[in-house]
Amino acid sequence: MTADGLPETAASGDPGPPPGLVVVGRYDELPGYAVHRPRGADSWLFTWTVGGRGSLSQGRTETAASAGDLVVLAPGAPHRYGVERGAARWEFWWAHCGARSSWATWLGPHGRGDGMYVVPADPAGGGPHARVEAAFRRMLADARRPRTGTPPEAPQDDRVAVAVAHGTTARELALCALEEVVLLTAGTVRRGRAGTDVDPRVRRARELIAADPGAPHTVRSLAAEVSLSPSRFAHLFTQQLGHPPMRALREARLRHAARLLESTDLSVERVAAASGFASPFHFNRVFRDRYGTPPGAYRAAGPMVGT
């Protein structure tokens, strides 16, 4: 056991797979299984629980995971995960990779803080469980795709398996399968939240942020747009969406900046200004915290590095 009470700890300095690599696997673990990365990982970690219960933490944020829950950990923060105390097992799919920038739109509303995103299973049942399972199996098969020759069939009975995508085709196909997982899980919940359950004033504020993230929005200005006091607006927004309005604004600005870095040749300073960041130094710091790499390196590596 380690000092933190974990039976298994990643080697010192081991950041996990690099962000340019796509690694996917399925584990069926018994009590005692746990991984601890005191320095976090360089890549994103996606976990989707098939059965049993797991426990995950990122920074100071913790969550339990049961069947159908998608939990995503961003790079750069200390994390740990394993079989939940008292559970008989934890069966789950996992993937280490760089996330596509478009996924932020789907995962953003599920942020819990410290770079953790939790998309719970549909409590009423009837969710896309079978399709998510099939997408992960296809991701495993695509990661095993040879550079030449016939691609393998999607495995049907792999309860413990790991594959690394080699080559551009295998990597892109595997990421497409993972994108389907994100859309099937987060997209289903997001559609429900976008309906009548969300106060129209909160929806309006979110639309204002999305329409022009670089504008000088504040809690006061957004509250005035929807005819609420700043304190009432901030409370209602946080209550309904799970995060405060200024966090939503920062995420929207960072997504906007990432798109500009991917699609324009604007300098980093101009990207910062166009995305609503008054200080290039502050922009560099928060961008690196969010994406795991500074803006210049993100642009040089292309849009697959992070989101």
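Above this text is the structure in question.
For every chain, the first residue of the written sequence is number 1, and numbering continues from 1 along that sequence. Confidence filtering applies because this is a predicted model: local features only for residues at pLDDT of at least 70, side-chain atom pairs given and counted only at 80 or more, and all residues used for totals across whole chains, interfaces and linings. Values shown for side chains rest on all heavy atoms present in the structure; no hydrogens or waters enter the calculation.

S.K.: Before we go on, may I ask you to explain the overall build of the chain in this structure?
M.R.: On a plain count of helices and strands, the chain comes out with 10 helices and 11 strands. Only protein chains enter the accessibility calculation, which uses a 1.4 Å probe; a residue is then buried when its area is under 20% of its type maximum, exposed when over 50%, and partly exposed in between. Of all 307 residues assigned to the chain, the portion counted as buried reaches 47%. Only the protein chains shown count as covering a residue, and every accessible area follows the Shrake-Rupley method with a 1.4 Å probe. Just so you have it, the chain exposes about 14,300 Å², and 52% of that area is on carbon and sulfur atoms. Helix and strand labels come from DSSP, where a helix needs a run of H or I of at least four residues and a strand needs a run of E of at least two; each type is numbered from the N terminus.

S.K.: Whenever I open this one, the pattern of salt bridges confuses me. Can you help?
M.R.: A side chain with one charge can pair with a side chain of the opposite charge if their charged atoms come near. What counts as a salt bridge is simple: a side-chain nitrogen of Lys or Arg found within 4 Å of a carboxyl oxygen of Asp or Glu. Using the criterion set out here, one finds 14 salt bridges in the structure. Its salt-bridge partner being E91, residue R89 comes within 2.2 Å of it at the nearest N-O pair. Judged by relative accessible area, which is 27%, R89 ranks as partly exposed. Accessibility expressed as a relative area gives 4% for E91, which makes it buried.

S.K.: What should I look at first to understand the sheet that holds strand β5 (residues 61–65) in this one?
M.R.: Paired through their backbone hydrogen bonds, the strands of a sheet run either parallel or antiparallel. Paired strands, in this sense, are two strands between which DSSP finds at least two bridges. Here four strands make up an open sheet; going across it, the order is β2-β7-β4-β5 and the pairing antiparallel. Two strands in the sheet have a free side with no partner beyond their single neighbour: β2 (34–37) and β5. Taking the axes of each pair of neighbouring strands and ignoring which way they run, one obtains an average angle of 10° across the sheet. In this structure, strand β4 (residues 54–58) lies alongside β5, joined through five bridges in antiparallel fashion. Each residue of the ladder has a partner; that of G54, found in β5, is A65. Helix axes are fitted only over the stretch in contact, all axes being lines through C-alpha atoms; the angle between N-to-C directions runs from 0 to 180 degrees.

S.K.: How should I be thinking about the sheet that holds strand β6 (residues 70–73) in this particular structure?
M.R.: A sheet is described by the order of its strands in space; here seven strands give the open sequence β9-β10-β6-β3-β8-β1-β11, paired in antiparallel fashion. The two strands at the open ends of the sheet, each matched to only one other strand, are β9 (111–113) and β11 (161–164). Averaged over all pairs of adjacent strands, the angle between strand axes in this sheet comes to 20°, irrespective of strand direction.

S.K.: Quick question: what am I supposed to make of the pairing of strand β7 (residues 79–83) here?
M.R.: Successive side chains on a regular strand alternate, one facing one side of the sheet and the next facing the other. Extensive coverage of β7 is indicated by the burial of four of its five residues. Here four bridges tie β2 to β7, and the two strands are oriented antiparallel to one another. Note that in β7 the partner of A34 across the bridge is G82. Sheet topology note: the β4/β7 ladder contains five bridges and is antiparallel. If you follow Q58 over to β7, its bridge partner there is H79.

S.K.: Teacher, can you tell me more about the pairing of β6 here?
M.R.: The two faces of β6 match: L70 and V72 on one face and V71 and L73 on the other face are all buried. The pairing of strand β3 (residues 44–52) with β6 spans four bridges and is antiparallel. Its bridge partner being in β6, F46 is matched across the sheet by V72.

S.K.: Would you explain helix α6 (residues 230–241) in this entry?
M.R.: An α-helix turns once per 3.6 residues; consequently, residues spaced three or four apart project the same way. A helix is expected to span 1.5 Å for every residue after the first. Here α6 spans 16 Å end to end across 12 residues, near enough to the 16 Å set by a 1.5 Å rise per residue. Buried residues of α6: F233, L236, F237 and L241, and no others. Down the axis of α6, the buried side of the element spans an arc of 100°, and every buried residue falls inside it. Projecting away from the buried face of α6 at angles above 90 degrees are the exposed residues S231 and Q239. Directly beyond the C-terminal end of α6, a positive phi value near 85° is found at G242. Arc definition: it is the arc formed by the directions from the helix axis to the C-beta atoms.

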